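Coordinate analysis (summary)
Okay, here's what each chain looks like letter by letter:
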Amino acid sequence: SQSSNNHQIITILNQLFNPTEYAFKDVIHKNIFEDLSLNDLATICGMSLSSFKRKFRTVFNTSPKNYIIQQRLLKAAEYLKNSSLRISEIALECGFNDMGYFSKSFSSKFHTSPSDYRKQFLN
């Protein structure tokens, strides 16, 4: 408590033990790979869409859409490295219903196609 980062430490501890914020994060993480709209997530959280978006940006420091896509792509990358599932199965498992959109988003984030990404880890 005497460090120069005291304010940051207190903020982190408050966030860890803030039950409403914890519940909000929990709902997001439990449903992130489901085929739910932002309206659906807002309803599950008991909020209006605009309140949900505001709270989301405050908690995660980005928009809901960006955060969800990034988390889904990270999960897809893990599957590509560690499973033998077909790429289309991985896309569906990670919440992408459109293979073209999945491939384009994946390539944009990782600067390679899903199949080339997988090849990097095969041996």
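Described below are features of the structure shown in this document. Please read all numbers here as calculations on a predicted model, not as lab measurements.

1. Thoughts on unusual backbone geometry
Phi at N61 is positive, roughly 60 degrees, even though this residue is not glycine. Within the secondary structure layout, N61 lies in the loop between α4 (49-60) and α5 (64-82). On the basis of relative accessible area, N61 is assigned to the exposed category, the value being 68%. Of note in this structure, H111 is not a glycine but carries a positive phi near 60 degrees. Residue placement: H111 occurs in the loop between α7 (99-110) and α8 (114-121). Judged by relative accessible area, which is 70%, H111 ranks as exposed.

2. Details of α7
Between its terminal C-alpha atoms α7 stretches 16 Å, which fits the 16 Å expected from 12 residues at 1.5 Å a residue. Within α7 the residues assigned to the buried category are F102, S105 and F106. The arc enclosing the buried residues of α7, seen along the axis, measures out at 100 degrees, which places them on a common side. Turned more than 90 degrees away from the buried face of α7 sit K104 and S108, all of them exposed. Taken together, the buried residues of α7 touch α5, α6 (87-93) and α8.

3. Focus: the pattern of salt bridges
For the structure on display, the rule yields 3 salt bridges. Residues K30 and D26 are paired through a salt bridge, measuring 3.2 Å at the closest nitrogen-oxygen approach. Of this pair, K30 and D26 both sit in helix α2 (residues 19-31), 4 residues apart, which is roughly one turn of the helix. Put simply, E78 and K81 hold a salt bridge, and the shortest N to O gap is 3.5 Å. With E78 and K81 both in helix α5 and 3 residues apart, this pair spans about one turn of that helix. For E78, a relative accessible area of 39% gives the class partly exposed.

4. A short note on the environment of L122
Of note, L122 is situated in the segment after α8. When the C-alpha positions of L122 and L80 are compared, they lie 9.6 Å apart, and in sequence the two are 42 residues distant.

5. What to know about the nonpolar core
Nonpolar side chains tend toward joint burial in soluble globular proteins. I69, L73, A76, A77, L80, I90, A91, C94, F96, F102, F106 and Y117 together form the largest nonpolar core, which totals 12 residues. Mapped onto this core, the elements with two or more residues apiece are α5, α6 and α7. Looking at this core element by element, the count peaks at 5 residues for α5. With residues near it in sequence (within four places) discarded, A76 still touches I90, C94, F102 and F106. If you look at the next biggest cluster of nonpolar residues, it comprises 11 residues, including F56, V59, F60 and I68.

6. Digging into the packing of α5 against α7
The geometry of α5 relative to α7 is characterised by a closest axis approach of 10 Å and an angle of 90 degrees between their N-to-C directions. It follows from the interaxial angle that α5 and α7 lie roughly perpendicular. From α5, K65, I69, Q70, L73, L74, A76, A77 and L80 reach across to α7, where they touch Y101, F102, S105, F106, K109 and F110. Grouping the amino acids of the contact of α5 with α7 by side-chain chemistry returns 10 nonpolar, 2 polar and 2 charged.

What counts and how
- Residues numbered from 1 in each chain as written.
- Predicted model: local features only at pLDDT ≥ 70, side-chain atom pairs only at ≥ 80, totals over all residues.
- Heavy atoms only, no water.
- Helix = DSSP H or I, 4+ residues; strand = E, 2+ residues; numbered from the N terminus.
- Buried < 20%, exposed > 50% of the residue type's maximum accessible area, 1.4 Å probe, protein only.
- Expected span 1.5 Å × (residues − 1).
- Arc of directions from axis to C-beta.
- Contact = heavy atoms within 4.5 Å.
- Salt bridge = Lys/Arg side-chain N within 4 Å of Asp/Glu carboxyl O.
- Core = buried A, V, L, I, M, F, W, Y, C linked by side-chain atoms within 4.5 Å.
- Axes fitted to C-alpha atoms, helices over the stretch in contact; angles between N-to-C directions.
- Parallel < 35°, antiparallel > 145°, perpendicular 65-115°, else oblique.
- Nonpolar A, V, L, I, M, F, W, Y, C, P; charged D, E, K, R; others polar.

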